[in-house]
Amino acid sequence: MDILIVDDSSYIRAFVRIHLQEAGYEVGEVAPESLYDVLAAIHASRPALVITDYEMPACNGESLLRALREDPALRDLPVIVLSAHREAELVARLSRWNLAAYVLKPIRPEDLVEKVRKFFASAKARQGSGPGTSG
């Protein structure tokens, strides 16, 4: 799987999934019932990238980032955070967790696809090969 979307909004999950699938990516999604459920889904699907919301009642983005970085099997997993929060302090605090990107809502589909394409192009250049995508 290329990308796993973590968001409490089924609308946002569908929006992100549809646009990224149309761009050729293999995309899964998980509704964050708990941090444990999200981590289990990530371990099971082994995505190349996680796209997560920041503001979620059962498992906020910062808790998820912390848990990923503390898990030896997932600590290097790239994460893009989606958020309506524009506070510089929040962005700086989350950036300490080695984010791939911080994307402000509302999201234009073409901007999201371009951000993901740039991420995979950069990852492919760093590693010499990347996840198989047709987009």
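Quick notes on the rules
- Residues numbered from 1 in each chain as written.
- Predicted model: local features only at pLDDT ≥ 70, side-chain atom pairs only at ≥ 80, totals over all residues.
- Heavy atoms only, no water.
- Helix = DSSP H or I, 4+ residues; strand = E, 2+ residues; numbered from the N terminus.
- Rg over C-alpha atoms; globule rule 2.2 N^0.38 Å.
- Buried < 20%, exposed > 50% of the residue type's maximum accessible area, 1.4 Å probe, protein only.
- Contact = heavy atoms within 4.5 Å.
- Polar contact = N/O pair within 3.5 Å; in protein donor to acceptor, adjacent residues only side chain to side chain.
- Core = buried A, V, L, I, M, F, W, Y, C linked by side-chain atoms within 4.5 Å.
- Salt bridge = Lys/Arg side-chain N within 4 Å of Asp/Glu carboxyl O.
- pLDDT = per-residue confidence, 0-100.
- Phe/Tyr/Trp six-rings, centres within 6.5 Å; stacked < 30°, edge-to-face > 60°.

What follows concerns the overall build of the protein. A tally of regular secondary structure across the protein gives 5 helices and 5 strands. Order of helices (α) and strands (β) in the protein, N terminus to C terminus: β-α-β-α-β-α-β-α-β-α. Since a compact globule built from 135 residues should have a radius of gyration of about 14 Å, the 14 Å found for the protein is in line with a globular shape. Seen through its principal axes, the protein has C-alpha atoms that stretch 35 × 35 × 25 Å. Burial analysis of the protein (135 residues in total) assigns 44% to the buried set.

By the criterion of burial, helix 3 (residues 61-70) is predominantly enclosed, with 7 of the 10 residues buried. Every buried residue of helix 3 is listed here: Gly61, Glu62, Leu64, Leu65, Ala67, Leu68 and Arg69. The inward-facing, buried residues of helix 3 contact strand 1 (3-6), helix 2 (35-45), strand 3 (49-53), strand 4 (79-83) and helix 4 (88-95). Structurally, the start of helix 3 carries an N-cap: the backbone nitrogen of Glu62 is 3.0 Å from a side-chain oxygen of Asn60.

What follows covers the nonpolar core. Formed by 23 residues in total, the largest nonpolar core has its most connected members in Ile42, Leu64, Leu68, Val81 and Leu94. Listed by contribution, the elements that provide at least two residues to this core are strand 1, helix 2, helix 3, strand 4 and helix 4. It is helix 3 that contributes the most residues to this core, 4 residues altogether. Beyond its immediate chain neighbours, meaning those up to four positions away, Leu94 contacts Tyr54, Glu62, Leu65, Val81, Leu99 and Tyr102.

Moving on: the pattern of salt bridges. Charged atoms that come close allow side chains of opposite charge to pair. Taken as a whole, this structure holds 8 salt bridges when the rule is applied. For Glu29, the salt bridge goes to Arg17, with nearest N and O atoms at 2.5 Å. Of the two residues, Glu29 is situated in strand 2 (residues 27-30) and Arg17 in helix 1 (residues 10-22); the sequence distance between them amounts to 12 residues. Its relative accessible area of 32% is what places Glu29 among the partly exposed residues. Judged by relative accessible area, Arg17 falls into the partly exposed class, the value being 24%. The residue Arg93 makes a salt bridge to Glu62 at a minimum N-O spacing of 2.9 Å. Of this pair, Arg93 sits in helix 4 while Glu62 sits in helix 3, and the two are 31 residues apart along the sequence. On the basis of relative accessibility, which here comes to 9%, the residue Glu62 falls in the buried class.

Our focus in this paragraph is the confidence of the model for the protein. Per-residue confidence for the protein gives a mean pLDDT of 92, with 95% of residues at or over 70. Put simply, helix 4 is where the protein has its lowest mean pLDDT, 89, and strand 1 is where it has its highest, 98.

Here the focus is the packing of aromatic side chains. Tallied over the full model, the rule gives 3 aromatic pairs. With 5.3 Å between their ring centres and 20° between their planes, Tyr25 and Phe120 make a pair best called stacked. Residue Tyr25 is found in the loop between helix 1 and strand 2, and its partner Phe120 is found in helix 5 (residues 109-127); the two are separated by 95 residues along the sequence. The two residues Tyr25 and Phe120 agree in class, both being buried. Between Phe119 and Phe120, the ring centres sit 5.0 Å apart and the planes meet at 70°, which makes this aromatic pair edge-to-face. Phe120 shares its class with Phe119; the two are buried. An aromatic cluster is present here, built from Tyr25, Phe119 and Phe120 joined pairwise through their rings.

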